[in-house]
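The primary structure of each chain is shown beneath.
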Amino acid sequence: MHRIYLLLTLVFLTFTGFSQENTIRGFIYDKSNGEPMSGEKIKLLKKDSTLIAGAVTDNNGFFSIPKLAKGTFILKLENFKYETIFQNIELKEGKKIYDVKFEFAIKENVKEFDEVRITAENKTKRTELGISKLRLDQKGLERIPSYGAENDIVGAFSVTPGVITTGDQGGQLYVRGGTPIQNKVLLDGMTVYNPFHSIGFFSIFETELVKNVDIYTGGFESKYGGRISSVMDITYRDGNRKEFSGKVSASPFLAKLVLEGPIGKKKGDSPRAGSYVFSAKHSLLDYTSKSLYPKVNDGNGLPFNFTDLYSKITFTADGGSKFSAFAFHNRDSVNYSVADLNWVSSGGGINFVMVPSGSPIFIRGHVNGSNFQTTFAETALEPRFSKIGGFDLGFDFSFFLKNESELSYGFNLGGFNTQFVTYNEAKRKIEASNFTTEIGTYINYRKVTRRWVLQTGMRVQVYASLNTISPEPRIGFKYNASENLRFKFSGGRFSQNFTSASSDKDVVNLFNGLLSAPTNVQEQFVNEFQQLKNTKNGLQYAWHAIGGFEYDLGKFVTINIEGYYKYFSQLSNINQNKLYEDVSQFELIDDVYKKDFIIESGQSYGVDFLVKYNKDRLFLWGVYSLGKNTRWDGFSQYAPVFDRRHNINLVASYLFGKKKDWELNMRWNLGSGLPFTPNAGNYQAETFQNGVTTDYLTNNPATVTTLLGAFNSQRLPTYHRLDITFKKQVHFKNKTTMELIASVTNVYNRNNVFYVNRITGKQIDQFPILPSFGVSYKF
């Protein structure tokens, strides 16, 4: 560890002490509301308009053009929606860093030209790795059909290549073989333990506040750690620094409110220094579903109830440094006829950006804390319980190099305590309570040349409470074969502490408790390759290898094909084979029959195809995923509940009307059947009420027990569903907007299986056709 910190210190001294070239850096804001503008292209030109260098702003609106010689240049900023900006700048000897700030003013009469937007997008494609990564903004999220007339980020996740959903009710997201606990979800740098509500249509996130969503389905860079499958990094925008504004909306599913406005003294026509934003949404299904959807749940309505609250204040200095503080509270409950599930989550934190004067370093930091608690009570069974609370402190440092290359490094310190109580299939109680700490450090270098993008990194994850250090190399590259064709690859090693209190063998995962890596596991494990491994704890590890290419078929069509392989070399699961307590009385019994947790391994591999068309009024998105997932528990290989072989997602969005104020969105999803364990038969279970004297030959027990067949050896019917959304915008003279939304979920009323009662044979389906109407008013 001391060597790592020494290396980072030497890198810092090298770049601050020996770099003698000039640097132009700064921020770009939207003048109408003071919001930092990400993804904007900046050009540095000579007087004769020759292009010298360029940059693209990050989520903070920040850009940096380093290693510039003295001379007179022109900075050019252009966007089809905003007035073009030119600024002369003279670089002299003796001054190394030139700080600038720009405010983009919206054109009065703007017409959209897709060619302009695509040019900026192509610039990013050639300078960023972009493998297994999907980036969406608020507009992209709103093009996906809404559920219950309300847009939500769940829709974007569900159509991402490599993502599998298991259903509408209590459905979870599985990413290229990774379970929900193996997916890291971040909101402005804070880990979100449970991002989705029980209904499966809605998340805790407010779409109106989403600025950017980065979804990594594998092979992610070294700045991300603590998960072995995927990362979903969500960034919220700041509040309006210019004027008070907001949005209210309502539908049969939920009602929500968003309010925002400036803080501080007014300085001419410029945005103020501070802002605030507040959002609240609450489900209405317990009031509306019985009357509007009488055929759902045998006329008992939809038993879902949830509330989400969020608030943030932000202050921005003239030099671009920024401070934000936020707080949130989420609640969810669902009351099925046979079980009740409840969870509550709350917390808060601060984020800051620092741009030290006279130093080329760019600093980001965060500190936050949160807690999550869930209970699950089933009829005639003991309730299950899980609780987690923790904190996280982190700093990230970046140096911007020539040709948009970048060197970054950082560290984070986290601690959390977990408590949980659950039961396995043999009704054996499994419980634990502990506190653990983690330290992560990383360094990442991206080199950009005319043809190549090379990205190498190293992360060291220290699990202090478990006395374990995990070195995690990461590597990736992209080869720009031509203007339209790009090949790419990434891979690396990943680890995580968290384990789920549910099992990969569960048919329906309604209870998803969290706990740290267990130590009550078997001492030795034989993997599927018959290799003997010594284990000392339940930390989870994986290796990723991903390769593919992307091709621009003209200006408006993009094709992306990626093949992937994930080897989960060590997984920890609830031990469904536990029959004995782990006490001296049973010391001769094998560990796999008495430990609370069991070590497993697994493999996931497949290929994802994505075709995207985007021109003027029409947007098309097509995804086909072919994948296979297996798990090995030391006894046999089995298919986990999310092993879907084929998955198709088709999305279409069209704007019509002279003012493009009408919009039609459609999404069709087809997935091959998920695995399940069939019934092999039924038999009368002898209870041996008279002990060893029971005459089992003549006795006639009244209890009927189901005999199960081979685990997950058969498949459910194919799942498919069509969703449609219509939108109409009405613009008023006072610059406010009303939007009318009509949506239909499961248009042709497909009977998709939720579960089947093994005794009665009764099939319980996913949601039937659900029409809905909503209205929103933005001011």
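Preceding this paragraph is the structure being described.
The rules behind the values
Residues numbered from 1 in each chain as written. Predicted model: local features only at pLDDT ≥ 70, side-chain atom pairs only at ≥ 80, totals over all residues. Heavy atoms only, no water. Pairing = 2+ DSSP bridges. Helix = DSSP H or I, 4+ residues; strand = E, 2+ residues; numbered from the N terminus. Axes fitted to C-alpha atoms, helices over the stretch in contact; angles between N-to-C directions. Salt bridge = Lys/Arg side-chain N within 4 Å of Asp/Glu carboxyl O. Buried < 20%, exposed > 50% of the residue type's maximum accessible area, 1.4 Å probe, protein only. Phe/Tyr/Trp six-rings, centres within 6.5 Å; stacked < 30°, edge-to-face > 60°. Lys NZ or Arg CZ within 6 Å of the ring centre and 35° of its normal.

Colleague: Now, about the sheet that holds strand β7 (residues 97-104): what can you tell me, with residues and values included?
Modeller: An order of β4-β1-β7 is seen for the three strands of this open sheet, with the pairing classed as mixed. The open sheet has two edge strands, β4 (62-68) and β7, and neither has a second partner. The sheet shows a mean angle of 20° between the axes of neighbouring strands, taken without regard to direction. Where strand β1 (residues 22-30) and β7 come together, eight bridges link them in parallel fashion. Residue Phe27 lies in a different strand from β7, and its bridge partner there is Lys101.

Colleague: For the sheet that holds strand β3 (residues 51-56), give the residues involved together with the corresponding values.
Modeller: Ordered in space as β3-β2-β5-β6, the four strands form an open sheet in which the pairing is antiparallel. With one partner strand each, in any of the chains shown, β3 and β6 (82-91) form the two edges of the open sheet. For this sheet, the mean inter-axis angle between neighbouring strands, taken without regard to orientation, is 20°. With five bridges connecting them, strand β2 (residues 41-45) and β3 associate as antiparallel partners. Residue pairing in the sheet places Ile42 in a bridge with Ala55 of β3.

Colleague: Give a description of the pairing of strand β24 (residues 429-448) that names residues and reports values.
Modeller: Two faces make up the sheet, and in a regular strand the side chains alternate between them. For strand β23 (residues 406-423) and β24, the ladder comprises 18 bridges, and the chain directions are antiparallel. In the sheet register, Gly410 faces β24, and the bridge partner there is Tyr442. Here β24 pairs with strand β25 (residues 452-463) via 11 bridges, running antiparallel. Residue pairing across strands places Lys447 opposite Leu454, the latter belonging to β25. Taking the residues that link successive antiparallel strands as the turn, the β24-β25 hairpin has three residues.

Colleague: How would you summarise the pattern of salt bridges if you had to cite specific residues and measurements?
Modeller: All chains considered together, the criterion is met by 35 salt bridges. Glu35 is the partner of Lys211 in a salt bridge, and the nearest nitrogen-oxygen pair spans 3.4 Å. Linking Lys211 in strand β13 (residues 210-216) with Glu35 in the loop between β1 and β2, this pair joins segments that are 176 residues apart in sequence. Judged on exposure class, the residue Lys211 and its partner Glu35 are both buried. Of the charged contacts, one joins Glu208 and Lys247 as a salt bridge, the two residues approaching to 3.4 Å between their closest N and O atoms. Here Lys247 lies in strand β15 (residues 245-250) and Glu208 lies in the loop between β12 (190-191) and β13, a separation of 39 residues in the sequence. Given a relative accessible area of 4%, Glu208 falls into the buried group.

Colleague: Describe the packing of aromatic side chains, naming the residues involved and giving the relevant values.
Modeller: Scanning the entire structure with this criterion turns up 44 aromatic pairs. Note on Phe397 and Tyr409: the rings are 5.0 Å apart at their centroids and 25° apart in plane angle, and the pair reads as stacked. Linking Phe397 in strand β22 (residues 384-400) with Tyr409 in strand β23, this pair joins segments that are 12 residues apart in sequence. We classify Tyr409 as buried; its relative accessible area is 7%. The structure contains a cluster of three or more aromatic residues connected by ring pairs, namely Phe201, Phe202, Phe253, Tyr293, Phe304, Phe306 and Phe767. For the cation-ring pair, Arg241 lies above Tyr29, with the distance from its terminal atom to the ring centre recorded as 5.5 Å. Here the basic side chain of Arg631 rests over the ring of Phe568, its NZ or CZ set 4.9 Å away from the ring centre.

Colleague: An account of unusual backbone geometry is requested, with residue identities and associated values reported.
Modeller: The phi torsion at Asp188 lies on the positive side, around 50°, for a residue other than glycine. By the secondary structure assignment, Asp188 is in the loop between β11 (183-187) and β12. Take Asp188: its relative accessible area is 15%, and that puts it in the buried class. Positive phi is not limited to glycine here, since Lys735 has a value of about 65°. Along the chain, the position of Lys735 falls in the loop between β43 (719-731) and β44 (737-745).

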